[in-house]
Amino acid sequence: MSQDTGTLPPTFDRADGHAVFPQTDHDETARMNFLTGLNVHIGRTLSPGVRTTYEQRVKPAYEKANGAAPSSATDIRKAMLLDPNYQQWAALRRNTQETSQQASREIALRRVDTLSAEADALNDGRNTLSLDDNLTIPSYQAAVDNHLMPGSYYTEAVDGDVTAAATYEISLFPIGGASFGAKGDGGGRAMANFVRDRFPDLNPKRIVDMGGGIGGNTLPLAAAFPDAEIIVVDTAAPMLRYGHARAQSMGYGNVSFVQGLAETVDLEPGSIDLIVSVMFWHETSTKTVSEALAHMHSLLAPGGVMLHLEQPNFDAATPTFERFMRDWDAYYNNEPFWPKLHTLDMFQAMEDAGFDKENLFDAGTEADIEPGRFQPWSTIVTRHRHETKDLGDTGRKLSTLGGYKGERWWLFGATR
Ligand SMILES: C[S@@+](CC[C@H](N)C(=O)[O-])C[C@H]1O[C@@H](n2cnc3c(N)ncnc32)[C@H](O)[C@@H]1O
């Protein structure tokens, strides 16, 4: 942990703007820089101390009182909740996340009218944005403001509002500790690399990104396959309006944005060559997992590929302390489905959805940051560093079927 703790993260003005990205003033930029640095400080410097607290103080006391070490993440949590060091760390982490989201929201809301007008100007008259006023937001999505984002992805302060999406894009920088890249597309770039490496013969004509939001992680695929038709599917109109305007302003004419549900979106069966998602499943529900996987199976063309990028799932080898640390987000960061997803066997779920067992795969990866932009930062920082094994410098280590291998992010999927 100590070799790079003196390195400061890139500043917010290094994030790539675009026509609908809010231009921040001096104080807003300074606030973003402070929050980014604080998130990094918590992740890299303070978080390892939580393990020390557990090993040196909480676990011995628990063993003394109970005659054995805690056997589950719940037992660890109950014991840790009484510890002042854990209390301080958890409170600081929660407040930093909440402040990062509130500050991002404030930047977007201050510009509510200009942002809508800018998005309108780019969206007007295009047939690549398709919204559905009758779509009902799923109850699991309406139940909480995911990761403390005020108003979540879908609420609208004015007609044609895009501020929820602007909030999301701004907040990625501080809450990710500037580790997702200048365009926030490190996940999408990693996925595009993986597709090219692992499926060199795949030449997709139609690509769908389910829960694709503003399309930030979709555009690297649009760049990798410029002749393909790309479709971003999401429930949230503000995300789609903003994402469509963003893509248009960056010159991507081959990306459509469609309001719909991943489990029912109306596309021709067997017509999609590549179906992807990025950080989608952990914000859904058990029902959505099974229904959306089945729908993806029906949409995928013969020879097609389904690929998902997510947080690593738990398997039998995941240490109990790791489980406890990662479930923090469920209790303090409005990610209620996170622990449940960790217990689901996604390989079994893919089989249940109709995919053949021999066609399933998984791998580990981390964000691919544009060379020359955020390096060397990109290779040394991760907010969840304390939760990962040594990443080495390769960034793209492939594993065989079997689940969690300790890399930062998990890629899993199936072919047809
Ligand atoms: C964490 S965000 C990820 C967005 C995007 N993939 C990215 O990488 O930036 C999850 C997205 O999934 C969307 N979503 C949630 N449930 C959905 C569903 N059933 N169908 C389609 N989109 C959904 C949300 O509106 C949100 O935009």
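The structure presented is a predicted model; accordingly, all values stated were derived computationally and were not measured.

(A) Structural context of the overall build of the protein chain. Assigned secondary structure in the protein chain consists of 15 helices and eight strands. For the protein chain, long-range pairs separated by at least 24 residues make up 81% of all intrachain contacts whose partners lie at least 6 apart in sequence. Per element, the accessible surface of the protein chain, about 17,000 Å² overall, is 49% carbon and sulfur.

(B) Summary view of the packing of helix H1 (residues 26–66) against helix H3 (residues 84–109). Between H1 and H3, the least distance of the axes is 9 Å, while the angle of their chain directions is 160 degrees. On the basis of the axis angle, H1 is roughly antiparallel to H3. With respect to the hand of their crossing, H1 and H3 are arranged in left-handed fashion.

(C) Structural view of the site of the ligand. Around the ligand, the structure places 20 residues, and the nearest of them are Tyr-140, Gln-141, Tyr-168, Asn-217 and Asp-234. In this structure, an oxygen atom belonging to the ligand sits 2.7 Å away from a side-chain N or O atom of Tyr-168. The contact in question runs from an oxygen atom of the ligand to an N or O atom on the side chain of Asp-234, over 2.7 Å. Coverage of the ligand by the protein amounts to 97% of the 600 Å² it exposes when considered alone. Comparing atom positions with the cavity grids shows the ligand to sit within the largest cavity. Both domains that furnish three or more residues to the shell around the ligand are identified here as domain 1 (9–125 + 137–172) and domain 2 (174–415).

(D) The environment of Asp-13, seen in detail. Relative to the helices and strands, Asp-13 resides in the segment before H1. A C-alpha to C-alpha distance of 10.0 Å links Asp-13 and His-26, two positions 13 residues apart in sequence. For Asp-13, the side chain forms a polar contact with the side chain of Thr-11, separated by 2.6 Å.

(E) Just the sheet that holds strand E4 (residues 255–259), in detail. Ordered by their spatial adjacency, eight strands build an open sheet running E1-E4-E3-E2-E5-E6-E8-E7, and the pairing between neighbours is mixed. Lying at the two open borders of the sheet, with one neighbouring strand each, are strand E1 (129–130) and strand E7 (360–365). On the sheet, helix H10 (residues 286–299) packs against strand E2 (206–210), strand E5 (272–278) and strand E6 (300–310) and is oriented at approximately 145 degrees with respect to E6.

(F) The confidence of the model for the protein chain, seen in detail. Across the protein chain, the average pLDDT comes to 89, with 89% of residues at or above 70. In the model, residues 1–5 has pLDDT below 50 throughout and makes seven contacts with residues more than four positions away in sequence or in other chains. Between residues 378–407, whose pLDDT stays under 50, and residues either more than four places distant or in other chains, the model counts 82 contacts.

(G) Region of the structure containing the pairing of E5. Among the seven residues of E5, seven are classified as buried, and the element is accordingly described as predominantly covered. Between E5 and its parallel partner E6, the chain crosses via H10, and the hand of that crossover is right-handed.

(H) Molecular detail of empty space enclosed by the protein. If you walk through the whole model with that rule in mind, you get five cavities of 30 Å³ or more. In this structure, the largest cavity occupies an estimated 870 Å³ of space. Forming the boundary of the largest cavity are 49 residues, of which Tyr-153, Tyr-168, Met-279, His-282 and Glu-283 lie nearest the centre. If you list the elements that add at least two residues to the lining of the largest cavity, you get helix H5 (139–143), helix H6 (163–175), helix H7 (186–198), strand E3 (229–234) and helix H9 (237–249). The element that contributes the greatest number of residues to the lining of the largest cavity is H6, accounting for four residues. Classifying every residue of the lining of the largest cavity gives 17 nonpolar, 21 polar and 11 charged. If you go around the second largest cavity, you meet 15 residues; those closest to its centre are Glu-169, Phe-173, Gly-181, Ala-182 and Gly-184. In terms of residue class, the lining of the second largest cavity is made up of nine nonpolar, three polar and three charged. Mapping the lining of the second largest cavity onto the domain boundaries places at least three of its residues in each of domain 1 (9–125 + 137–172) and domain 2 (174–415).

Each value, and the rule that gives it
Residues numbered from 1 in each chain as written. Predicted model: local features only at pLDDT ≥ 70, side-chain atom pairs only at ≥ 80, totals over all residues. Heavy atoms only, no water. Helix = DSSP H or I, 4+ residues; strand = E, 2+ residues; numbered from the N terminus. Contact = heavy atoms within 4.5 Å. Areas by Shrake-Rupley, 256 points an atom, 1.4 Å probe, with all protein chains shown as cover. Axes fitted to C-alpha atoms, helices over the stretch in contact; angles between N-to-C directions. Parallel < 35°, antiparallel > 145°, perpendicular 65-115°, else oblique. Left-handed = near helix turned anticlockwise from the far one by under 90°. Near = heavy atom within 4 Å. Polar contact = N/O pair within 3.5 Å; in protein donor to acceptor, adjacent residues only side chain to side chain. 1 Å grid on protein atoms, 1.4 Å probe; cavity = no way out; pocket = protein on both sides within 12 Å on 5 of 7 lines; lining within 4 Å. Sits in = over half its atoms within 2 Å of the grid points. Domains from an automatic or database assignment. Pairing = 2+ DSSP bridges. pLDDT = per-residue confidence, 0-100. Buried < 20%, exposed > 50% of the residue type's maximum accessible area, 1.4 Å probe, protein only. Right-handed = clockwise from strand over helix to strand, strands pointing away. Points joined across faces, edges and corners; volume = space filled by probe spheres on them. Nonpolar A, V, L, I, M, F, W, Y, C, P; charged D, E, K, R; others polar.

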